[in-house]
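Fold and geometry: a report
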Amino acid sequence: MFAFLQSAVIFLISIAALVGSVWALIDAAKYSNEAYVAAGKQTKTIWLVILGIATLIAFISVPAPIGVGSGIIGFFGLLSIVAVLVYFVEVRVKVAPHHRPGSRGPKGGTW
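Let me sum up the structure you'll find in this document. Keep in mind that this is a model prediction, so the values were computed, not measured.

**Section: the overall build of the protein**
On a plain count of helices and strands, the protein comes out with four helices and zero strands. Sequence-ordered secondary structure for the protein, helices as α and strands as β, is α-α-α-α. Across its three principal axes, the protein shows a C-alpha extent of roughly 60 × 30 × 20 Å. Within the protein, the fraction of its 111 residues that count as buried is 28%. Pairs at least 24 apart in sequence give 65% of the contacts found in the protein among residues at least 6 apart. With an accessible surface of roughly 7200 Å², the protein has 73% of that area assigned to carbon and sulfur atoms.

Quick look at the structure:
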């Protein structure tokens, strides 16, 4: 009974980490590189690579029946959670005010 409960908690935490990392990756992609530079953060490319690796680790770490891992509660899993938390708590908060909705790069404009 206790082992099942532990497995269920690890599974739920792993799924939450995967969802959070995918959300962070998609969110990071919507801001321009200029917004990252204006906020004094690393470039957009660096953050996309960091969050992409975090998403890959979270995906691999999901336990069966969905994945093949043993859960996100490992060294690399915890590092991926920290990367996602740093993005949401520090980077996104600083980058969002520099984002201009509808901008499409140097030329600007929308469809």
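Moving on from the coordinates now.
**What to know about the packing of helix α3 (residues 44-61) against helix α4 (residues 75-95)**
Where α3 contacts α4, the axes come no closer than 9 Å and their chain directions differ by 140 degrees. Classed by the angle they form, the pair α3 and α4 counts as oblique. The chirality of how α3 crosses α4 is left-handed. Note on element contacts: α4 touches α3 through F76, G77, S80, A83, V84, V86, Y87 and V91, opposite W47, I50, L51, A54 and I57. Along the lines of polarity and charge, the residues of the contact of α3 with α4 split into 11 nonpolar, two polar and no charged.

**A closer look at helix α1 (residues 2-29)**
Under the 1.5 Å per step criterion, the end-to-end length of α1 is 41 Å for 28 residues, consistent within 8% with the ideal 40 Å. Residues of α1 that are buried include every one of S14, A17, L18, G20, S21, A24, D27 and A28, and no others. On the buried face of α1, the contacting elements are α2 (33-38), α3 and α4.

**Things to note about α3**
Along an α-helix, residues three or four apart share an orientation, since each turn contains 3.6 residues. Given a rise of 1.5 Å per residue, 18 residues ought to cover 26 Å, and the 25 Å separating the end C-alpha atoms of α3 matches this to within 8%. Every buried residue of α3 is accounted for by W47, L51, A54, T55, A58 and S61. Within α3, the buried residues cover an arc of 130 degrees as seen down the axis, which keeps them to one side. In α3, those exposed residues whose orientation departs by more than 90 degrees from the buried face are T45 and F59. Lining the buried residues of α3 we find α1, α2 and α4.

**Focus on the side chain of T55**
Along the chain, T55 turns up in helix α3. Sequence-distant contacts of T55, defined by excluding residues within four places in its chain, comprise L18, S21, V22 and L25.

Rules behind the numbers
Residues numbered from 1 in each chain as written. Predicted model: local features only at pLDDT ≥ 70, side-chain atom pairs only at ≥ 80, totals over all residues. Heavy atoms only, no water. Helix = DSSP H or I, 4+ residues; strand = E, 2+ residues; numbered from the N terminus. Buried < 20%, exposed > 50% of the residue type's maximum accessible area, 1.4 Å probe, protein only. Contact = heavy atoms within 4.5 Å. Areas by Shrake-Rupley, 256 points an atom, 1.4 Å probe, with all protein chains shown as cover. Axes fitted to C-alpha atoms, helices over the stretch in contact; angles between N-to-C directions. Parallel < 35°, antiparallel > 145°, perpendicular 65-115°, else oblique. Left-handed = near helix turned anticlockwise from the far one by under 90°. Nonpolar A, V, L, I, M, F, W, Y, C, P; charged D, E, K, R; others polar. Expected span 1.5 Å × (residues − 1). Arc of directions from axis to C-beta.

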